[in-house]
Structure formats: C-alpha cells, structure tokens
Amino acid sequence: MADPLNDVYKARQSPRFTASRTPWDARPECVSIALKAQIDRIASGRKANRQDPRYGRPEEIGSGLAPARALRRRHAGDDWTGVRSMRIVMIGAGYVGLVSGACLADFGHEVVCVEVDESKVAHLREGRVPIYEPGLSELVLANQSAGRLAFTTSLKAAGRGAEAIFIAVGTPSLAEVGSADMSFVHEAARDVAGVVEDFTVIVIKSTVPIGAGDEVEQIIAERAPREKFAVVSNPEFLREGAAIDDFKRPDRVVIGVEDDRAREVMRRIYQPIERNDGPIVYTSRRSSEMIKYASNVFLAMKVTFINEIADLCERLGADVLDVSHGIGLDDRIGRKFLNPGPGFGGSCFPKDTLALTKLAAEAKAPIRLVETLVDVNDKRKTAMAAKIVGACGGSVAGKRIAVLGLTYKPKTDDMRDAPSLVIVPELQAAGARIVAYDPEGIRTAKTLLPGIEFADNAYACLSGADAGVVITEWDEFRALDLARVKACLAAPIIVDLRNIYPIKAMKALGFRYVCVGRGFGGEG
Ligand code: NAD
C-alpha cells in the first residue's frame, strides 16, 4: 500500500526540494495532487472514501479520516499508541494556531485550521508555511500528507461535527488604551455560534483577560442553546523558536473547565501528553486565564530585574553574568530568564504586562510592581540607543552603524515589539545610517523599519561600518570570526547588547567592546 508520508519524505530528499530556512521558499511540488484532494476533503467536512486503500481498513479508521498509521509511536520515549483520534478545529493559523494545530494533528487528531487570511491558506494548502519556526514546515507537510491536517477559510465547512473548536486568534494591545483587544476573539465566537450543532467544546487558546471566557459564552449563547456547548480556557505557553517541543512536551497544560463533558473532551485531546507524564492542571476558567497572565508577567519581571541589576553592576564593577549564575543556582530563583539585554519584546510580554496593569486598575487592585516594570522596560530600549551613541564617542551623526539581529529573539521571524523597533529609529533620529542583517527577520523588517539598508550576511553588514551592534543573539553571530569582523569594520567598535562575546578575546583583538552589566572590564 502506498504511504503518502513516504511520498513526502522521498520528495524532500529529491534534488527538486531545496530545504530552506525561509518557509515561503519551500517547494509546493512535494505536495501531491492526491494529498490536495485529501486536504480538501477534510476541509469540506466530507468523510473519506472508506474503500480507498490510502485510509487503511475501515475498522482501523476511527472517525473515517485518520489513517491507522497516525496512531503509531512517534518519538523514543513518547507513547502515543492507541490515542483515539478526535475532530478538532483551530481558528487562527498564526504562530500559536499553526503550531498547536500541527502538533495536535501529529498526536493523531484530525485538525482543520480556519484562517481569515486567504493568502495564508493558499500558501499552506501548497505546503508552504508562512512563518519561520524550526521544524514547523516538516511537521505541517507530514501531517497534511497523512490526511490529518487541512486549511480553509470557511468555519462553516470545517466546524460541522467538530468535537472541539479552538480559538487561537490575536489579542494585541488596544492602541492608546493598552488593554487586550478582544475584537478578534469576539468575532471568532460569533462565527462559532453559527456552527454549533452537537455538543461542542469551545477552547480559548488566545491569551485573554480574566473573565473573557464568560464573554465568549455569552456571545455564543445568543445563537446556540447552552446545553450544546461549553467554553474552556486552555492558555498556550509555547516559546517561539522552540514551539513544537514546548507544545508536545510542555512543563504543564492548564485547563480551566467547569463542565464535566468538556473536561472529558479536553482529557482526550491531551491524552498523548498525559500518557507521557506531562502534568495537566485543571482549574476554574478564571484561574486558568489568570495563570497565563501571571506566568508571563512573572517572567517579564525576572528579565527586568536582571536588567536593572546589570545597570548597577556597570556602576559598581560587578559582572552580571557571574551574578545571574550565582543567584540562578538557587532553586527558588532558577537560572532561566536572567540574561540581561536591551529589554523584553515580542508577541506576548509587552502586551500582556500592559493588559494586566489595565485589568488590575479596572478591578481597583492596581499592581504597582508590574506598572513599574512596563515603564522600566520601555525606557530601557531608548537607553540602549543612548549606550550605542556613547560607545561611538557621543555622536552617530553621519556614521554607518551595522545592526546584527532585528527579531525580538533568535529562531523566529517575529518582529512584534522587538527592541530593534525602538533602537534603530532612535539611532536614525540621531543621524546614523543603518545597515542591518537578520537571518529570518528581514522580510518583516522591511515593512517596519524604513530607510535602512539590508545586508545579505553579517560580514557584508559590518563591512565599512563605524560600529557593529548586536541586538539579537542569533547563534551565527556567536560563531563569527572576530578577527575578520575587525578587518571588516571601519572602526573597531562593537556594542553587544546580548553579551555574546568574551571580554578578554575582544580586548586582545583590539576592539572597543561595550556590553551589558559586565563591570568596568566590559566598559558598561
Ligand atoms: P498571530 O497574529 O500570529 O495569529 C493570529 C491569526 O488569527 C492570524 O493569522 C489572523 O489572520 C487569524 N485570525 C484573526 N481573526 C480570525 C478569525 N475570526 N477567523 C480565523 N482566523 C482569524 O497571533 P499568535 O502569535 O498566534 O497569538 C495568538 C494568541 O496566542 C494571542 O492571544 C497570543 O497572546 C497568544 N500566545 C502567543 C504566543 C506566541 O509566542 N506567539 C505564545 C503563547 C500565547
């Protein structure tokens, strides 16, 4: 019997398929016509032809769509055998929806991602993944080809017969206000209300303010009978850059559920994780919503704390790397999120810290600690631009500054609230000419950072520059030939906002090396 998975793997090994780190470049021809038909069939809600040998024997099929081989063991140590396949819809195919959808499909479930952005759906149907996330292209392709993952713009078609409908749409900051913009979630809820027939669990995966589950329930109840659905909170904790592993082998899965039928559906969805001893935490819906905000805010606080300690280290001659190592070894503190840098950015921490302060103020229980950290973090980005100007002798007017790294962190193409979006314009305003390089972020950066020149690689970026600045700690910057870097630069100045180079080596090579919080030796 032909195995569509094999077709994909063979196609990937063929010279026609050039593996690329930029997912839009993945070649569509490795997705066969048979596969497209299979995907269309899932998206349109039709059952698979049970006589079709691609789907295995009828008794192996479960719901009629998942091939029996979906239920086999996938990772050494992970036991996903015998997991009963469920029919799941994921609304929103962004960073969280796409990763969650692909991972749930990889568990053996049948997943249809519903996305309003038609071009995203068109690309995904051709096997092209519109974001950069390590391993995601491969995971999406394998599950598409196995007939477990499909993409559509129509919730009407996809929602029919789904046991669970996840909402994984954006909740950005409301301009000027700062609280979470719930309009996408509410719109998704209205859409869902139109497709609820048999008992359906609506799972809010987006990060939402406490009480949002009640709002969603109310919206759906305006069109669907209450006994036909239950709303559950299931916040996502994945980190971009390590998203697949985070989803499949999480520290915990949090489920806020107050309906026994919904609890059983959620238990079945996450059965593969439970079987592999992944902790599942059941709470009330509101507690679950609060757990997500409290987690993000706590981590943002750790980052902000070490940034302030770094500033103090600079003044007092201590080395923040030794300090964070020394305090991080204490189990009560932990080593993670204690790396000083240019301030946190990204798709979550900035908006979630701000949203929690607004929520707390509205609840008349202001969280002053968090209000302060938001302010400290905002100011830090501007302070980093001033640090660069200082390293260049007090002025960057007319100088060519080479920026290495634009994304908010490595291993993602995500530019949301990246520190570079503040630092680069500040330098431009001070008269600098900016040339920048980022392994994955340039496509988005071109739309967000006007008036800068983009280079094809780090050395080209540094060539002829009056200073080099590391904003994002991509591994390839750590591995640069520092002697070659010095030869490229017009002036041997490196401002390293991520502390990726050894001070001694930089000094020995004759750089003026300015880093963060490394006492007198690192020139602050
Ligand atoms: P995103 O902007 O990348 O993706 C959201 C997607 O939803 C977009 O593709 C958008 O077109 C689509 N969409 C919006 N309305 C829709 C609708 N009515 N129907 C179908 N599709 C619709 O956002 P994201 O980064 O995936 O974040 C989603 C949520 O998850 C947010 O609440 C975020 O805070 C949370 N979260 C994000 C991360 C992360 O690292 N990105 C981690 C944990 C939690």
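These numbers come from a predicted model, not from an experiment. (Residues numbered from 1 in each chain as written. Predicted model: local features only at pLDDT ≥ 70, side-chain atom pairs only at ≥ 80, totals over all residues. Heavy atoms only, no water.)

(A) Spotlight on the overall build of the protein chain. Of regular secondary structure, the protein chain possesses 21 helices and 14 strands. Counting all 524 residues of the protein chain, 56% fall into the buried class. Long-range contacts, defined here as pairs at least 24 residues apart, represent 72% of the contacts in the protein chain between residues at least 6 apart. Surface exposure of the protein chain reaches about 21,900 Å², of which carbon and sulfur atoms provide 53%. (Helix = DSSP H or I, 4+ residues; strand = E, 2+ residues; numbered from the N terminus. Buried < 20%, exposed > 50% of the residue type's maximum accessible area, 1.4 Å probe, protein only. Contact = heavy atoms within 4.5 Å. Areas by Shrake-Rupley, 256 points an atom, 1.4 Å probe, with all protein chains shown as cover.)

(B) Focus on the packing of aromatic side chains. According to the stated counting rule, one finds six aromatic pairs in the structure shown. Ring centres 6.2 Å apart and planes at 35° place the aromatic pair F107 and F247 in the tilted group. Here F247 lies in helix 9 (residues 243–248) and F107 lies in the loop between helix 3 (95–106) and strand 2 (110–114), a separation of 140 residues in the sequence. For the pair F107 and F247, a shared accessibility class is recorded, and that class is buried. Chaining the aromatic ring pairs together yields one cluster made of F107, F247 and Y270. Sitting above the plane of the Y282 ring, R263 keeps its charged end 4.0 Å from the centroid. Looking at R484, its charged tip hangs above the ring of Y459, at a distance of 3.6 Å from the centre. (Phe/Tyr/Trp six-rings, centres within 6.5 Å; stacked < 30°, edge-to-face > 60°. Lys NZ or Arg CZ within 6 Å of the ring centre and 35° of its normal.)

(C) Geometry of the nonpolar core. Of all hydrophobic cores here, the largest spans 44 residues; its most connected members are L104, L136, F166, I269 and Y270. Broken down by element, the residue count for this core peaks at seven residues, all from helix 3. Leave out the neighbours within four places in its chain, and F166 touches I88, V89, M90, I91, L104, V203, K205, N234, I269 and Y270. Core analysis: the next-biggest nonpolar cluster, separate from the first, contains 34 residues, A385, A391, L449 and I471 among them. (Core = buried A, V, L, I, M, F, W, Y, C linked by side-chain atoms within 4.5 Å.)

(D) Seen up close, the site of the ligand. Around the ligand lies a shell of 25 residues, among which E115, K120, T171, E240 and K351 are the nearest. Separating an oxygen atom of the ligand from a side-chain N or O atom of K120 is a distance of 2.5 Å. In this structure, K351 approaches the ligand through a side-chain N or O atom, which is 2.6 Å from an oxygen atom. Its free accessible area being 830 Å², the ligand has 90% of it covered by the protein chains. Counting residues per element, the ones that place at least two in the shell around the ligand are helix 3 and helix 7 (183–193). By residue class, the composition of the shell around the ligand is ten nonpolar, seven polar and eight charged. (Near = heavy atom within 4 Å. Polar contact = N/O pair within 3.5 Å; in protein donor to acceptor, adjacent residues only side chain to side chain. Nonpolar A, V, L, I, M, F, W, Y, C, P; charged D, E, K, R; others polar.)

(E) Region of interest: unusual backbone geometry. Its identity is not glycine, yet K411 carries a phi of approximately 65°, on the positive side. Inspection of the secondary structure assignment puts K411 in the loop between strand 9 (400–404) and helix 16 (420–429).

(F) Highlighting the environment of V111. Assignment of secondary structure puts V111 in strand 2. Residue V111 is classed as buried on the basis of its relative accessible area, which comes to 0%. In this structure, the C-alpha to C-alpha distance between V111 and I165, residues 54 residues apart in sequence, is 9.7 Å. Ignoring anything within four residues of it in the chain, the contact list for V111 reads I88, M90, G101, L104, A105, R148, L149 and A150.

(G) The arrangement of the environment of I244 in detail. Residue placement: I244 occurs in helix 9. Expressed as a C-alpha distance, the spacing of I244 and L136, which sit 108 residues apart in the sequence, is 7.3 Å. When near neighbours in sequence (up to four residues on either side) are disregarded, I244 contacts V99, C103, E133, P134, G135, L136 and L139.

(H) Broad picture of the confidence of the model for the protein chain. Per-residue confidence for the protein chain gives a mean pLDDT of 87, with 83% of residues at or over 70. Confidence over residues 1–39 falls short of pLDDT 50; this stretch has 62 contacts with residues more than four positions distant or in other chains. A low-confidence stretch, residues 41–80 stays under pLDDT 50, and its non-local contacts, those more than four residues away or across chains, total 92 contacts. (pLDDT = per-residue confidence, 0-100.)

(I) Main features of the packing of helix 12 (residues 285–316) against helix 14 (residues 349–362). Between helix 12 and helix 14, whose axes approach to 9 Å, the crossing angle comes to 115°. Taken together, the axes of helix 12 and helix 14 lie roughly perpendicular to each other. The element helix 12 and its partner helix 14 pack so that their crossing is left-handed. Contact with helix 12, carried on its side by M290, Y293, N296, V297, L299 and A300, involves F349, D352, T353, A355 and L356 of helix 14 and no other residues of that element. (Axes fitted to C-alpha atoms, helices over the stretch in contact; angles between N-to-C directions. Parallel < 35°, antiparallel > 145°, perpendicular 65-115°, else oblique. Left-handed = near helix turned anticlockwise from the far one by under 90°.)

(J) Molecular detail of the packing of helix 15 (residues 368–391) against helix 16. It is the contact of helix 15 with helix 16, at a shortest axis distance of 8 Å, that shows an interaxial angle of 45°. Judged by the angle between their axes, helix 15 and helix 16 are oblique. Between helix 15 and helix 16 lies a crossing whose hand is right-handed. Listed contacts from helix 16 to K381, T382, M384, A385, I388 and V389 of helix 15 are V422, I423, E426 and L427.

(K) Structural detail: the sheet that holds strand 10 (residues 433–437). Taken in spatial order, the six strands make up an open sheet running 11-10-9-12-13-14, and their pairing is parallel. Edge positions in the open sheet fall to strand 11 (453–454) and strand 14 (512–514), since each of these has one partner strand only. Bridging between strand 9 and strand 12 (residues 467–470) involves four bridges; their strand directions are parallel. Residue L404 lies in a different strand from strand 12, and its bridge partner there is V470. Running over the sheet, helix 15 touches strand 12, strand 13 (493–496) and strand 14 and is turned about 165° from strand 14. (Pairing = 2+ DSSP bridges.)

(L) View of the environment of L139. Relative to the helices and strands, L139 is located in helix 5 (residues 136–145). For L139, a relative accessible area of 10% puts it in the buried group. For L139 and A105, which are 34 residues apart along the polypeptide, the C-alpha to C-alpha distance reads 9.1 Å. Apart from the residues within four sequence positions on either side, L139 is in contact with A102, C103, D106, I244 and K248.

(M) Highlighting the pairing of strand 4 (residues 164–167). Of the two faces of strand 4, the one holding A164 and F166 and the one holding I165 and I167 are both buried throughout. With helix 7 bridging strand 4 and its parallel neighbour strand 5 (residues 200–204), the resulting β-α-β unit is right-handed. (Right-handed = clockwise from strand over helix to strand, strands pointing away.)

(N) Region of the structure containing helix 8 (residues 212–221). For helix 8, the set of buried residues is A212, G213, V216, I219 and I220. Projected onto a plane normal to the axis of helix 8, the buried residues spread over an arc of 125° and lie on a single side. (Arc of directions from axis to C-beta.)

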